[in-house]
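# Structure at a glance
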Amino acid sequence: MNKMTLLEINAAKHLINTPETLVSDSIKGLCYANPHLRLLEKDKVVYYAKVDEMALNQVTIISGGGSGHEPGYAGLVGENCLAANVCGHVFASPSSSQVLAAIERVQSPHGTLVIIMNYTGDCLNFGLAVERAKARGIKVDLIAVGDDVAVGRSKGSKVGRRGMAATALAIKLAGALASKGATLEQVKEMTQYASDNSATLGVAFDHCHVPGSSSFSQLGPNEMEIGMGIHNETGFLKSNMMPAKELIVKMMNMLVDQHDNDRSYLNLNSDETSSVVLLVNNLGGIPMIELNLVVKEAVDYISNQNLKLERVYVGPFVTSLNMPGFSLSLLVVDHDRNVLELLDQQVYVSGWPLTAAHHFSDSIHGDNSATIKTPELSIEAHHGQVSNPKVIENAIRGATNSVIAAEPRITDYDTILGDGDCGQTLKTAALAIQEAIPSFDLSSAPKTILDIADVIEHSVGGTSSAIYCIFFNALASGLLKYAKPSVDASVWVLAAKYALSTLMTYTNARIGDRTLMDTLCPFIDTLNQDATNIDQAIKAARNGTDSTCNLSAKLGRSSYLSNEEVLKSGIPDAGAYGLTKILDGLVENF
């Protein structure tokens, strides 16, 4: 057995019961060790035990995302910090239903701010939950933090910077400001400030291994990678191992360089000394003796620059399972915003330095009661009424039958330039919708659309599900907004335009990015010109899908492939093609 095989075996060992129960078991242990926490076990939501009192007096804050980054961010739940954290599976976004459960549990009359890291799955699923909460009358807003400089402006022009360890600083500032009685808008603005004025760069000496995964990638014995993300994402520079001082100087130069138009995100004044905060983050597998060496070299570097080091934070803030690596974050301090005062405010959480539990309690399970009860969704009788429910049913069956029949072709396209699940995802959702049709109130267009969205969310997951669910929830809101009170072609078009506009606030995908937006946008734009011109709208949608054959991908998994690979394939985007088949079946039976 060769050396690399032995390394793979050792790196893939995990202390678990089963991969499926790892997250649930872990957050139970977290609550046992921290008596100030409570757990909504079904939804994997960890929340502050005194959240009802907190919610009466201030804006509440929620974070969350995939597990495997502990203590981020369940470790920041507690007094003067987060009200709740939503835990997804390892490296996977939680569903919008989980997030909605958290929002409902910790909602405040002063408002609730949802802070996430900038990743597509989180943006879509948390965004869907926020929209669902707003539809229920809850005062809530969302912000995504991006601080990684490894993804430069040219590469990340659409998706923006990835969220990394500086998100912990953003949450700390937001929590402290909220505890002082700031408004929802002020707390969000402070979070945006932290995102705009921070920069993070990571380095790893090997990949981490996801529990239960059969695949495993490794760097060479003398190899490291600068710019790796917290989910094993590829960095921008592979190099031989080098002395710590040389590595830290290289990384810090990238963080503070004011002349790199692609990666210069910090605004450092060359004429006067800039105040900064340093955060040294353990990605999970670095011994403290080595991490302290990183701190020493980073502090030495800063002392030789035109920078004033105001605070140093060290430890595991946002990890990547057992990844042997670390990240460096700098936050530029604006003294007029009382940044240092907010960072210094005492918190009682498990994931911030100098905090410890004082007693043990096995009473960790919470309840779903809330300080303010969420009103049930109410749609007035005859509002959004459909004149012929059978037409709606035929359209739904036509759309679902069409995409089910097209599944093999969609799967083929997605297998070549994606992860191969698009066809099965659409087919699974379509079959679930067909099964649920007898329970739909087809006389009400808004109720029918909301029912469809609910079925999709509970039958499939992932990015496609979130995109369709956001669109359908917004479509229902548009129908309620424009109904006269009945629904005709013009109302459908106005509602679709409204839904598209809403969807665009949660995704940067636009025409030309090789996504389903290349199909959806032309379809709706054409109908907006003439609500009765359905044939031209379908033609525009098909042309949009065909155009993706000649486009390089800017978003989605295929964006990680070379442009040559995408363009030479000669095939359309799988998501765009799938949407075309849905529209074909819809229109043929409408």
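Parameters at a glance
Residue indices follow the written sequence of each chain, beginning from 1 at its first position. In keeping with the model being predicted, local features are shown solely for residues with a pLDDT of at least 70 and side-chain atom pairs are shown and tallied solely at 80 or more, while totals for entire chains, interfaces and linings include all residues. Side-chain metrics rest on all non-hydrogen atoms present in the structure, leaving aside hydrogens and water. UniProt positions are given in the numbering used here, feature names are shortened, and annotations may be inferred rather than shown by experiment. Numbering of helices and strands runs from the N terminus; a helix is a DSSP stretch of H or I covering at least four residues, while a strand is a stretch of E covering at least two. What the globule rule says is 2.2 Å times the number of residues to the power 0.38, and the radius of gyration is computed from C-alpha atoms. Exposure categories follow from relative accessible area, calculated using a 1.4 Å probe and restricted to protein chains: below 20% of the type maximum is buried, above 50% is exposed, and the middle band is partly exposed. By the convention used here, residues are in contact when the closest approach between their heavy atoms is within 4.5 Å. Each accessible area is a Shrake-Rupley estimate made with a 1.4 Å probe; only the visible protein chains count as cover when residues are assessed. By the counting scheme adopted, Arg and Lys are positive, Glu and Asp are negative, and His together with the chain ends is not counted. Here the site of a charge means NZ on Lys, CZ on Arg, CG on Asp, or CD on Glu. The axes are straight lines fitted to the C-alpha atoms, using for helices just the contacting stretch, and the angles between their N-to-C directions are given from 0 to 180°. Any angle between 65 and 115 degrees counts as roughly perpendicular, while under 35 counts as roughly parallel, over 145 as roughly antiparallel, and the rest as oblique. Handedness of a crossing follows from how the near helix is turned relative to the far one, being left-handed for an anticlockwise turn of less than a right angle and right-handed for a clockwise one. Each residue is assigned to one class: nonpolar for Ala, Val, Leu, Ile, Met, Phe, Trp, Tyr, Cys and Pro, charged for Asp, Glu, Lys and Arg, and polar for all the others, Gly among them. The rule for pairing is simple: two strands pair if DSSP sees at least two bridges between them.

Under an unreviewed UniProt entry, the name given to the chain is Dihydroxyacetone kinase, and the organism recorded is Mucor plumbeus. Its UniProt record gives the chain the following Sequence similarities (unreviewed entry) comment, quoted word for word: "Belongs to the dihydroxyacetone kinase (DAK) family."

Time to look at the overall build of the chain. When helices and strands are counted, the chain shows 20 helices and 12 strands. Taken against the 2.2 N^0.38 rule, which gives 25 Å for 590 residues, the C-alpha radius of gyration of the chain at 25 Å falls within 12% of a compact globule. For the C-alpha atoms alone, the extent of the chain along its principal axes is close to 75 × 55 × 55 Å. Looking at the chain residue by residue over its 590 residues, the buried ones come to 54%. For the chain, restricting intrachain contacts to residue pairs at least 6 apart in sequence, the fraction spanning at least 24 positions comes to 73%. When the accessible surface of the chain is totalled, it reaches about 25000 Å², and 50% of it is carbon and sulfur. Averaged over its 45 positive side-chain charges, the chain has a centre that lies 1 Å from the centre of its 63 negative ones.

What follows covers the packing of helix α15 (residues 462-482) against helix α16 (residues 489-503). Packing of α15 against α16 leaves a shortest axis separation of 7 Å and a crossing angle of 135 degrees. In terms of orientation, α15 and α16 fall into the oblique class. Crossing of α15 over α16 shows right-handed handedness. From α15, Ile-467, Ile-470, Phe-471, Ala-474, Leu-475, Ser-477, Gly-478, Leu-479, Lys-481 and Tyr-482 reach across to α16, where they touch Val-491, Trp-492, Leu-494, Ala-495, Ala-496, Tyr-498, Ala-499, Leu-500, Thr-502 and Leu-503.

For the rest of this paragraph, the subject is the packing of helix α6 (residues 166-179) against helix α7 (residues 184-196). Any two packed helices are characterised by the angle at which their axes cross and by the distance between the axes. One can describe the packing of α6 onto α7 by two numbers: an axis separation of 9 Å at closest approach and a directional angle of 155 degrees. If you check the angle between α6 and α7, you find them roughly antiparallel. You can see that α6 and α7 cross each other, and the crossing is right-handed. Residue-level inspection shows Ala-170, Leu-173, Ala-174, Leu-177 and Ala-178 of α6 in contact with α7, the latter providing Gln-186, Val-187, Met-190, Thr-191 and Ala-194. For the contact of α6 with α7, the class distribution of residues is 8 nonpolar, 2 polar and no charged.

This paragraph deals with the sheet that holds strand β9 (residues 237-240). A sheet is described by the order of its strands in space; here 6 strands give the open sequence β9-β8-β7-β12-β10-β11, paired in mixed fashion. Among the strands making up the open sheet, the edge pair consists of β9 and β11 (307-315). When the angles between neighbouring strand axes are averaged without regard to direction, this sheet yields 20 degrees. By the bridge criterion, 4 bridges tie strand β8 (residues 223-226) to β9 in an arrangement that is antiparallel. By the bridge assignment, Ile-226 is partnered in β9 with Leu-237. Of the strands in this sheet, β7 (198-204), β10 (274-282), β11 and β12 (325-332) are in contact with α6, which crosses β12 at around 45 degrees.

A few words on the UniProt feature "binding site: substrate" (unreviewed entry) in the chain. As recorded in UniProt, the feature "binding site: substrate" (unreviewed entry) lies at Gly-66, Ser-67, Gly-68, His-69 and Asp-122. For this annotated set, covering 57 residues, all C-alpha atoms fall within 14.5 Å of each other, a compact arrangement in space. Looking at Gly-68, the relative accessible area reads 3%, which means it is buried. In this structure, Asp-122 sits in helix α5 (residues 120-135). Residue Asp-122 is classed as buried on the basis of its relative accessible area of 7%. Not counting residues up to four positions away in its chain, the partners in contact with Asp-122 are Gly-65, Gly-66, Ser-93, Pro-94, Ile-116, Met-117 and Gly-127.

For the rest of this paragraph, the subject is the pairing of strand β3 (residues 60-67). Of all 8 residues that make up β3, 8 are buried, and the element is covered over most of its length. Across 3 bridges, the pairing between β3 and strand β5 (residues 112-117) is parallel. From the neighbouring strand, Thr-60 faces β5, where its bridge partner is Thr-112. In terms of strand pairing, β3 meets strand β4 (residues 84-90) through 5 bridges, oriented parallel. When the sheet's bridge partners are listed, Ser-63 is paired in β4 with Asn-85.

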